[in-house]
Amino acid sequence: MIYAANWKLNKSPLDAKRFVKELLALPSIPEKDVILLPQALSAAALAEALQGTKISWGLQNSYSSASGAYTGENSLQVARDMGARYVLVGHSERRSLFQETNETLALKVQHAQNLAVTPIYCIGETLEQRQKNQTRSILIEQLHRGLHLAVKDLPLIIAYEPVWAIGTGQVATPSQVLETHGWIQEILLDHGFSGLPLLYGGSVKPENAAELKKLQHVDGFLIGGASLEASSLVGIIAAQ
Ligand code: PGA
């Protein structure tokens, strides 16, 4: 299982260091399964705190070029040289608040793979789309257009996050996750991708993690709110 902690715009460098200290003090965790995703300004402090552990880290977003006249963007190449091994691409907040499109995200996936950083490509439907039975077609579009530049045999992770379940406390039901993850695996196969890890995200917490873990095609979680406290992240990891 993969446990990716999306801290969003939270945790200063000091908070990130404190979190690692608390996490390492808790009963043993499978360090190699944990990915911490800090805001870019906390990355250096986090990288330092993680030295000597098997815990990985990555960015929540980065630009699709390594350098140049792109005021305000973050370079994934620099992050990679600092130790980043992952980058989120196309989180729904990036899509809705910052107008990122499947086309720009395709370039980000490609750039990450070129740098040997694993993209975690996020997809998911809004409540309105689900109610109109458009979920499957939205996922097809997001996968088709967002992954068209991806190299099939390089590392890539997919995160399914129904937008209506993010930060709302309303987790998708096991049958919804099972059905949707089944669709996603089918769509990926149709596009020539096999065996990609598939994460679920959206209000995952210690109380619902055990049930979700049992489902076929759930290879891990992308966790927002419940990843901000070390004890609750460990609660999710330990849930069975
Ligand atoms: P949540 O966020 O766990 O707080 O719902 C998940 C995410 O946005 O990645």
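Residues numbered from 1 in each chain as written. Predicted model: local features only at pLDDT ≥ 70, side-chain atom pairs only at ≥ 80, totals over all residues. Heavy atoms only, no water.

1. Notes on the sheet that holds strand S5 (residues 118–123)
Test applied: Strands are treated as partners if at least two bridges between them are detected by DSSP. Helix and strand assignments come from DSSP, with helices taken as H or I runs of at least 4 residues and strands as E runs of at least 2, each series counted from the N terminus. Lines are fitted to the C-alpha atoms to define the axes, a helix being fitted only along its stretch in contact, and any angle between axes, read from their N-to-C directions, falls within 0 to 180 degrees. Contact definition: two residues touch when any of their heavy atoms are within 4.5 Å.
Pairing is parallel around the closed barrel formed by eight strands, whose spatial order is S1-S2-S3-S4-S5-S6-S7-S8. Looking at each pair of strands side by side, their axes are set apart by 25° on average, direction ignored. Summarising the sheet, strand S1 (residues 2–6) and strand S2 (residues 34–37) pair through four bridges and their orientation is parallel. For alanine 5, the partnering residue across the bridge sits in S2 and is leucine 36. Across the sheet, helix H7 (residues 135–146) touches S5 and strand S6 (157–160), and the angle it forms with S5 is around 150°. Here helix H8 (residues 174–190) sits on the sheet in contact with S5, S6 and strand S7 (198–201), set at roughly 145° to S7.

2. As for the pairing of S7
This is how the line gets drawn: Exposure classes here rest on a 1.4 Å probe applied to the protein chains alone. A residue is buried below 20% of its type maximum, exposed above 50%, and partly exposed in between. Looking down the strands as they point away from the viewer, one classifies a crossover as right-handed if the path from the first strand across the helix to the second runs clockwise.
Of the two faces of S7, the one lined by Leu198 and Tyr200 and the one lined by Leu199 and Gly201 are each fully buried. Bridge analysis of S6 against S7 gives three bridges, and the strand direction is parallel. The residue bridging alanine 159 from the neighbouring strand is leucine 199, located in S7. The parallel pair S6 and S7 is bridged by H8, and the resulting crossover is right-handed. Bridge count between S7 and strand S8 (residues 220–223): three bridges; the pairing is parallel. Directly across from tyrosine 200, in S8, lies its bridge partner phenylalanine 221. The β-α-β motif built from S7, the intervening helix H9 (residues 206–213) and the parallel element S8 has right-handed crossover chirality.

3. With respect to the nonpolar core
Operational definition: Side-chain atoms within 4.5 Å link the members of a nonpolar core, which is a set of buried Ala, Val, Leu, Ile, Met, Phe, Trp, Tyr and Cys residues.
Ranked by internal contacts, the top residues of the largest apolar core, which has 63 residues, are Leu36, Tyr121, Leu147, Ile158 and Phe221. Apart from residues lying up to four places away in sequence, leucine 36 is in contact with Ala5, Trp7, Phe19, Val20, Leu46, Leu50, Ile55, Ser56, Trp57, Gly58 and Leu233.

4. A closer look at the packing of H9 against helix H10 (residues 230–238)
When two helices pack together, their arrangement is captured by the angle between the axes and the distance separating the axes. As a reminder of what qualifies: Should an angle lie under 35 degrees it is considered roughly parallel, over 145 roughly antiparallel, and from 65 to 115 roughly perpendicular; all remaining angles are considered oblique. Definitions for this section: a left-handed crossing has its near helix turned counterclockwise from the far helix by less than a right angle. A right-handed crossing has that turn clockwise. The nonpolar class holds Ala, Val, Leu, Ile, Met, Phe, Trp, Tyr, Cys and Pro. Asp, Glu, Lys and Arg form the charged class, and all remaining residues, Gly among them, are polar.
Close contact between H9 and H10 brings their axes to 8 Å; oriented N to C, the two are set at 25°. Taken together, H9 and H10 sit at an angle that is classed as roughly parallel. Regarding H9 and H10, the two cross each other, and that crossing is right-handed. Where H9 approaches H10, its residues Pro206, Ala209 and Lys213 are matched on the opposing element by Ser232, Gly235, Ile236, Ile237 and Ala238. Its residues assigned to classes, the contact of H9 with H10 shows five nonpolar, two polar and one charged.

5. What about the site of the ligand?
Going by this rule: Each residue is tested against the molecule or strand, and it is near if at least one of its non-hydrogen atoms lies within 4 Å. Polar contacts, as counted here, are pairs of nitrogen or oxygen atoms within 3.5 Å of one another; within protein the pair requires one atom able to donate a hydrogen and one able to accept it, and residues that are adjacent in sequence qualify only if both atoms are side-chain atoms. Throughout, the Shrake-Rupley method with a 1.4 Å probe supplies accessible areas, and for residues the shown protein chains are the sole cover considered.
Close to the ligand lie 13 residues, the nearest being Lys8, His91, Glu161, Gly167 and Ser203. Between an oxygen atom of the ligand and a side-chain N or O atom of histidine 91, the distance comes to 2.7 Å. Taking glutamate 161, its side chain carries an N or O atom lying 2.7 Å from an oxygen atom of the ligand. Here the ligand loses 95% of its free accessible area of 280 Å² to cover by the protein chains.

6. Remarks on the layout of surface pockets
A water-sized probe, rolled over the atoms, reveals where empty space remains. As a reminder of what qualifies: The method works on a 1 Å grid over the protein atoms by themselves. A cavity is a set of points holding a 1.4 Å probe that cannot get out, a pocket is an open set with protein on both sides within 12 Å along at least five of seven lines, and residues with an atom within 4 Å of a point line them. Grid points are joined across faces, edges and corners, and a volume is the space filled by probe spheres set on the points.
In this structure, the largest pocket encloses a volume near 410 Å³. Sorting elements by how many residues they give to the lining of the largest pocket places helix H4 (residues 92–97) first, with three residues. Partitioned by chemical class, the residues of the lining of the largest pocket number seven nonpolar, six polar and three charged. Taken as a whole, the second largest pocket spans an internal volume of roughly 270 Å³. Of all the elements in the fold, those that place two or more residues in the lining of the second largest pocket are H4, S5 and H7. Of the residues that constitute the lining of the second largest pocket, the class distribution is four nonpolar, nine polar and four charged.

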